[in-house]
Amino acid sequence: MPRFEAIDWYDTPRWYDLVFDEGTEREADFLEAVHAAHAANSSRSGRVRAAGPRRPRPLRVLEPACGSGRLVAELARRGHRVHGFDLNERMLEFARARLAKRRLRGSLALGDMSAFTARGRFDLAHCLVSTFKYLQDERSASKHLRCVADALVPGGLYVLGLHLTDYASRSRSRERWVARDGRTRVVCNTQVEPARRSQRLEDVRTRLVVTTNGRELRSETRWSFRTYDVRELKALLSRVPALEHVATYDFTHDIDSPRALDGELLDVVLVLGRR
Ligand SMILES: C[S@@+](CC[C@H](N)C(=O)[O-])C[C@H]1O[C@@H](n2cnc3c(N)ncnc32)[C@H](O)[C@@H]1O
């Protein structure tokens, strides 16, 4: 069996970024469209892309746990005023270098999404790709939502994407991504063990195999995510009355395909509005 070195994959931001960057434009389109469709203070002008050359007004956007800054940079490129923060310094360095290289403006800081006070107020906040599940207990999850609510203007929106758990399933789930950049190829294999229901945790393992000019780097990261089914998610939301559930979508990030928040849907993107 080939050996995998234990490395936090967020300490190798370039490889993380190669794997996830592919969906960035679509996610940014979706975030703009969500604001146009649902923000209480929006012009309700409908979808941004369908509106042709008309650009939405610049938004103040907050990204807790912004990672490599892929969405910070894309939204800054579109003229929005973006602030991101993350716990990992290497991710932040990568994100800063990316903004500098493209001569884009955006502010980045070290911060913990379980407890933060944002400077200023934002029209839109977002946290996609299950990052919210790093908050491993109810207290830090509800605190996070309250901090986000405090950071939003009244009528502002929080877009929160997370994979829900089907507790009835006892099988391991797997996902595989392959990305290329010039002579570098990254293969990312993630597997999630069946949930430990009494603890509300699921164990996740990600393995990266990075090949450059015939040399191979193999790394492995293990962590646990907090689990939610739809009932647990609704119970959490009910503890944060400053945010109301406005709409639900799924990981296709298609503004024309709203979904119901029921037990059927596992890849959930919630739109929460600041009361
Ligand atoms: C899957 S990445 C998501 C990055 C980015 N939001 C994106 O969509 O590409 C998860 C990020 O969450 C960060 N993170 C994990 N726990 C955190 C916490 N408590 N506070 C702030 N950042 C955290 C990690 O350092 C990592 O950069």
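To be clear, the structure that these remarks concern was listed above.
In this report, we go over the structure that sits alongside the text. (Residues numbered from 1 in each chain as written. Predicted model: local features only at pLDDT ≥ 70, side-chain atom pairs only at ≥ 80, totals over all residues.)

Here's the deal with the overall build of the protein
Part 1: Scanning the protein from N- to C-terminus turns up six helices and twelve strands.
Part 2: Over its C-alpha trace the protein gives a radius of gyration of 19 Å, about what one expects of a compact globule, namely 19 Å for 275 residues.
Part 3: Its C-alpha atoms put the protein at 55 × 50 × 35 Å along the principal axes.
Part 4: Across the 275 residues in the protein, those meeting the buried criterion constitute 36%. (Helix = DSSP H or I, 4+ residues; strand = E, 2+ residues; numbered from the N terminus. Rg over C-alpha atoms; globule rule 2.2 N^0.38 Å. Buried ≥ 20, exposed ≤ 12 C-beta atoms within 10 Å, placed from the backbone.)

Overview of the sheet that holds strand S7 (residues 173-181)
Note on sheets: strands pair through backbone hydrogen bonds, and any given pair is parallel or antiparallel.
Part 1: Strand order in this open sheet of five strands is S1-S10-S9-S8-S7, and the pairing throughout is mixed. Each having just a single partner strand, strand S1 (5-6) and S7 make up the two edges of the open sheet.
Part 2: Bridge count between S7 and strand S8 (residues 184-192): nine bridges; the pairing is antiparallel. Across the sheet, residue Ala179 finds its bridge partner in S8, namely Val186. (Pairing = 2+ DSSP bridges.)

Thoughts on the site of the ligand
Part 1: Inspection of the region around the ligand gives 19 residues, with Ala65, Gly67, Asn88, Met113 and Tyr134 positioned closest.
Part 2: The class makeup of the residues in the shell around the ligand is eleven nonpolar, four polar and four charged. (Near = placed C-beta within 6 Å. Nonpolar A, V, L, I, M, F, W, Y, C, P; charged D, E, K, R; others polar.)

Observations regarding unusual backbone geometry
Part 1: Residues other than glycine seldom take positive phi values, yet Ala65 does so here, at roughly 60°.
Part 2: By secondary structure assignment, the location of Ala65 is in the loop between strand S2 (60-64) and helix H3 (70-77).
Part 3: For Ala65, a count of 22 C-beta atoms within 10 Å corresponds to the buried category.
Part 4: The backbone phi angle of His253 is positive, close to 50°, even though this residue is not glycine.

Examining helix H2 (residues 24-38)
Part 1: Its 15 residues give H2 an end-to-end C-alpha distance of 21 Å, which sits within 8% of 21 Å, the value for a rise of 1.5 Å per residue.
Part 2: The element H2 is extensively covered by neighbouring structure, given that eleven of its 15 residues are classed as buried.
Part 3: Listed in full, the buried residues belonging to H2 are Glu27, Ala28, Phe30, Leu31, Glu32, Ala33, Val34, His35, Ala36, Ala37 and His38.
Part 4: Residues of H2 that are buried sit in contact with H3, strand S5 (122-127), strand S6 (152-163), strand S11 (243-250) and strand S12 (267-274). (Expected span 1.5 Å × (residues − 1). Contact = placed C-beta atoms within 7 Å.)

Concerning the environment of Leu266
Part 1: On the secondary structure map, Leu266 appears in the loop between S11 and S12.
Part 2: Leu266 sits 15 residues away from Phe251 along the chain, and the two C-alpha atoms are 9.3 Å apart.
Part 3: Aside from chain neighbours lying at most four places away, what touches Leu266 is His163, Leu164 and Asp166.

Looking at the nonpolar core
Part 1: Counting residues in each nonpolar core, the largest one holds 54 residues, and the members touching the most others are Val34, Val72 and Tyr158.
Part 2: The dominant element in this core, judged by the number of residues it contributes, is H2, at seven residues.
Part 3: Those residues in contact with Val34 that sit more than four places away from it in its chain are Leu157, Val159, Ile255 and Val271.
Part 4: Judged by nonpolar contacts, the second largest core, of six residues, contains Trp15, Tyr16, Val186 and Leu208. (Core = buried A, V, L, I, M, F, W, Y, C linked by C-beta atoms within 7 Å.)

Some words on the pairing of S7
Part 1: Little of S7 sits inside the fold, with zero of its nine residues counted as buried.
Part 2: Hairpin connection, S7 to S8: the antiparallel pair is bridged by two residues, and Gly182 has positive phi, about 60°.

Focus: the packing of helix H1 (residues 13-20) against helix H4 (residues 89-101)
Part 1: Where H1 contacts H4, the two axes come as close as 9 Å, and the packing angle between them is 65°. Between H1 and H4, the crossing angle belongs to the class labelled roughly perpendicular. For H1 against H4, the interelement crossing comes out right-handed. Along its contact with H1, which presents Pro13, Arg14 and Asp17, the element H4 presents Arg90, Met91 and Phe94.
Part 2: Of the residues contributing to the contact of H1 with H4, the split by class is three nonpolar, no polar and three charged. (Axes fitted to C-alpha atoms, helices over the stretch in contact; angles between N-to-C directions. Parallel < 35°, antiparallel > 145°, perpendicular 65-115°, else oblique. Left-handed = near helix turned anticlockwise from the far one by under 90°.)

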